[in-house]
Amino acid sequence: MKISYNWLKDYLAIDLPAEEVAEVLTQIGLEVEGLEKQTSVEGGLEGLVVGHVLSAEQHPNADRLRVTKVDVGAEEVLDIVCGAPNVAAGQKVVVATVGTMLYPTEGEPFKIKKGKIRGEVSMGMICAEDEIGLGHEHDGIMVLPAEVKVGTPVREVIEIKEDDIIEIDLTPNRSDATCHIGVAKDLAAALKIAKGLDVQVKMPEAAKATAGSGASVDVVVNRTDLCPRYAGVVLTGLTVKESPEFIRERLEAIGVKTINNIVDVTNFILHEMGQPLHAFDADKIKGKKIVVDALPQDTGFVTLDGDERKLSEQDLIICDADMDGMCIAGVYGGLGTGVTDSTTSIFLESACFDAGNTRRTSKRHNLRTDAAMRFEKGVDPNGCVIALKRAVDLILESAGGVVSSEFVDIYPEPIAPKEIRLKYRHVTRLLGIDIPAEEIREILAALEIEILSSDEESMLVRVPSNKTDVYREADVIEEILRIYGIDRVPLPATIQSSIAYEQKPNGYKVEQQISDFLASRGLQEIVAPSVSKSKYYSEEEQAGGMVSLLNSMNSELDAMRMEMCYSGLEVIHRNQNHKNNDLALFEFGKTYRKEEGAYIETRHLTCYICGRAAGENWKEQPAKADFYDIKRTVDELVARLGLKINATEPCEESKFVYGMLYKSQNRPLVKFGRLAEPVLKKLSVKGPVFYAEFDVKQIMSGLKSKKVKFAGLNKFPSMRRDLALVIDEQVKFESIRAMGMKAGKHILQDINLFDIFQDEEKLGVGKKSYSVSYLFQDAKKTLKDGDVDRVMNKLMKQYEEQLGAIIRK
């Protein structure tokens, strides 16, 4: 939110540096994000000086140019070539010397340089109004009064207005500080208490507007739950034109575009008093009646920007007698009833709309207007009519006209200021300091919080209705601390702390460890959004618990992701479009589902490999990535984490062409394989993509049950045996490995498959040959051939009997 310091000083008689004001505002909770110096003329006329034209002779090589000699108060007289028809000797003029930046009314800024014009040296420029941003006049140079002293900076001769723009990061709870008067009241309270200054907020003059007659608009509020107060009045005989200078100056200072005197007054009141107003062209209100109600779901409504929007049955709408929408209450006006240059009569609205409903409507239609931002924080219901009458005064001053109706004020259940019991001991307990009761009284008085009664232990206070966030004793204490000054609270002499116990395994540290490991293997981490497109999922999948977004800012991103793979495939698609086809990626993220009314979030680790498995090199042609690249990544990570895999089986999920599933503790740990073409086509991804998906919860569970044991390096030699087994095609290596490890017990350290051979003529139909190595080593002694042979003989017998294997000897 932008605050003009000049505008602020309309209500506070202070002359403090803007930097000091910004510091005080930050200390009381109105954090200042930025402070910008602003001038009415861009560039502030810097570098421009008063010059005296000593002579003006005809240019020898150009009919329309003059060669002048100009005294600018420097040691040397300047030669300046000028094309203005009115330049003459004896004039006092505005001179831009070499190096000066000029900011013209139209066009880009430019710097004055030394140069030659048609052969004559020019050491500056004699300026016209439009060339220095003072107006649009370009018929000739500016001629200054004769008494102006030569060499005087032009900014001292021509008055320019300066302002400091204070940008405040306003927190959602500060409904009382959404305007200049609100900030002025907070600042005055702080200056009184913290700096001892006797400052009072000067409020605008009491409204002079009185009720009239001759025209009226009936008002009916059907939804008082969403509109607790609605006020308005009819003004006629108006002339729509440019706003007075003081209104334009104030609004333009804070970046608000001026439109006309009617609309500008509504914006002025919003930024002055925090009360949004809306002006309807009274001649366009059908039936001279206003109805405040909701319209049926998906009713069409054309807003001021020309877009047609589909209304929700939850939106509060300002309608006419035919129940046609004229305005989305508190958010945005309609195209048909807005003020135009031909408007002569208006109905001026000042209302209080429900904060929560206004915010939902604003978000639903993606309309973040200044009015909506005020209403969603909560406006003062007891300030509606005051702001309305102030606006009427300003409109009548600038647009003429008269009040032609009674002031409508529908307020069926007046909202009384809150009364709160404040106990001194609670102030001490929450703040940790003992503030004297008299100082508490001074702070409350500065905040316009009325003290109704008091005793030795407490006081009963009445909170102004504009402080919508102050409704508990703790809130009042927070207000006291803001103005007292948190920097006045002393630091304790001792620091108390407790021993922090870290849950193990620590999820964050484990994920960092995994990220470092995968990065060391050449994978790059991606962070994709959790929102996804519902079109990625079939109707069956959507019915299975898809979580839809109610207020998505992007019509396509309308659901939370149910599958991790799509977000990664989007990244692959974008990279492929940029000719980056060789990718190895990983991501931590969540999927979202709704099951039996509950929302389920599951955290995953995913890996993607596509394109070539390695970069180009001179030694060999890089191979394309395949299933074994993703399998190697999975196996290495599982080994690095020390997780125990107790089962492997094919993964039958439809998103894979083929894949595997590893189980740990008899629960799924990771599934990996090649993604199916229908999945890739949804995102136009080219080529095979190999994908792995870990369940992070199961990783943590496996690490929790993992026991770390220390073992010294084995000092005894190892022995190796090889077997060639002819087996049926359906027999898996895992079966061979499991049987071997069981038979070998503590001396068989590793079993490895190092060759596969298939030939129907030599082996028979449905047969294959596995070449398997067995590594033996004992931690207590050197193994003998007999020790190893006993295990190998046992193994060969089991392979023959249980697997039907033929041992090739």
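As the structure is a computational prediction, the values presented were derived from the model and not from experiment.

**What to know about unusual backbone geometry**
Trans peptide bonds make up the majority, and among non-glycine residues the majority have a negative phi. If you check the backbone angles, leucine 45 has positive phi at about 60 degrees while not being a glycine. Tracing the sequence through the fold places leucine 45 in the loop between strand 2 (32-39) and strand 3 (48-58). Given the relative accessible area of 5%, leucine 45 is considered buried.

**Points about the pairing of strand 36 (residues 667-675)**
Both faces of the sheet carry side chains from a regular strand, because those side chains alternate between them. As paired elements, strand 35 (residues 656-664) and strand 36 share eight bridges and run antiparallel to each other. Paired with glycine 659 across the two strands is glycine 673, which belongs to strand 36. Here strand 35 folds back onto strand 36, and the loop between the two strands holds two residues, one of which, glutamine 665, carries a positive phi near 55 degrees. Pairing geometry for strand 36 and strand 37 (residues 689-695), over five bridges, is antiparallel. Note on strand 37: the bridge partner recorded for lysine 671 is glutamate 693.

**What about the side chain of serine 515?**
Structurally, the position occupied by serine 515 is in helix 13 (residues 507-520). The class of serine 515 is buried, set by a relative accessible area of 8%.

**Examining the sheet that holds strand 17 (residues 289-294)**
The five strands are arranged 14-17-20-21-22 in an open sheet whose pairing can be described as mixed. Taken across any chain shown, the strands that pair with only one partner, and hence form the sheet edges, are strand 14 (218-221) and strand 22 (332-333). Both strand 20 (residues 316-319) and strand 21 (residues 325-328) contribute to a ladder of three bridges, which runs antiparallel. Opposite cysteine 319, over in strand 21, you have glycine 325 as the bridge partner.

**Regarding a positive patch on the surface**
Where like charges cluster on the molecular surface, the positive patch consists of Arg421, Lys423, Arg425 and Arg429. Among the elements of the structure, strand 26 (418-423) and helix 10 (424-431) are those that each provide at least two residues to the positive patch. Summarising the element assignment, lysine 423 is placed in strand 26.

**Quick look at the sheet that holds strand 27 (residues 450-454)**
Read from one edge to the other, the open sheet built from three strands follows the order 26-28-27, with strand pairing classed as antiparallel. Every other strand in the sheet has two partners, leaving strand 26 and strand 27 as the edge strands with one partner each. Each neighbouring strand pair of the sheet contributes to a mean axis angle of 25 degrees, computed without reference to strand direction. The sheet contact formed by strand 27 and strand 28 (residues 458-463) spans four bridges and is antiparallel. When the sheet's bridge partners are listed, isoleucine 451 is paired in strand 28 with valine 461. Contacting strand 26, strand 27 and strand 28, helix 10 runs over the sheet at an angle of about 75 degrees to strand 26. The sheet strands contacting helix 11 (residues 437-446) are strand 26, strand 27 and strand 28, and the helix crosses strand 28 at an angle near 5 degrees.

Rules behind the numbers
- Residues numbered from 1 in each chain as written.
- Predicted model: local features only at pLDDT ≥ 70, side-chain atom pairs only at ≥ 80, totals over all residues.
- Heavy atoms only, no water.
- Helix = DSSP H or I, 4+ residues; strand = E, 2+ residues; numbered from the N terminus.
- Buried < 20%, exposed > 50% of the residue type's maximum accessible area, 1.4 Å probe, protein only.
- Pairing = 2+ DSSP bridges.
- Patch = residues over 30% accessible without salt bridge, like charges linked within 9 Å, V, L, I, M, F, W, Y side chains within 5 Å.
- Areas by Shrake-Rupley, 256 points an atom, 1.4 Å probe, with all protein chains shown as cover.
- Salt bridge = Lys/Arg side-chain N within 4 Å of Asp/Glu carboxyl O.
- Lys, Arg positive; Asp, Glu negative; His and termini not counted.
- Charge placed at Lys NZ, Arg CZ, Asp CG, Glu CD.
- Axes fitted to C-alpha atoms, helices over the stretch in contact; angles between N-to-C directions.
- Contact = heavy atoms within 4.5 Å.

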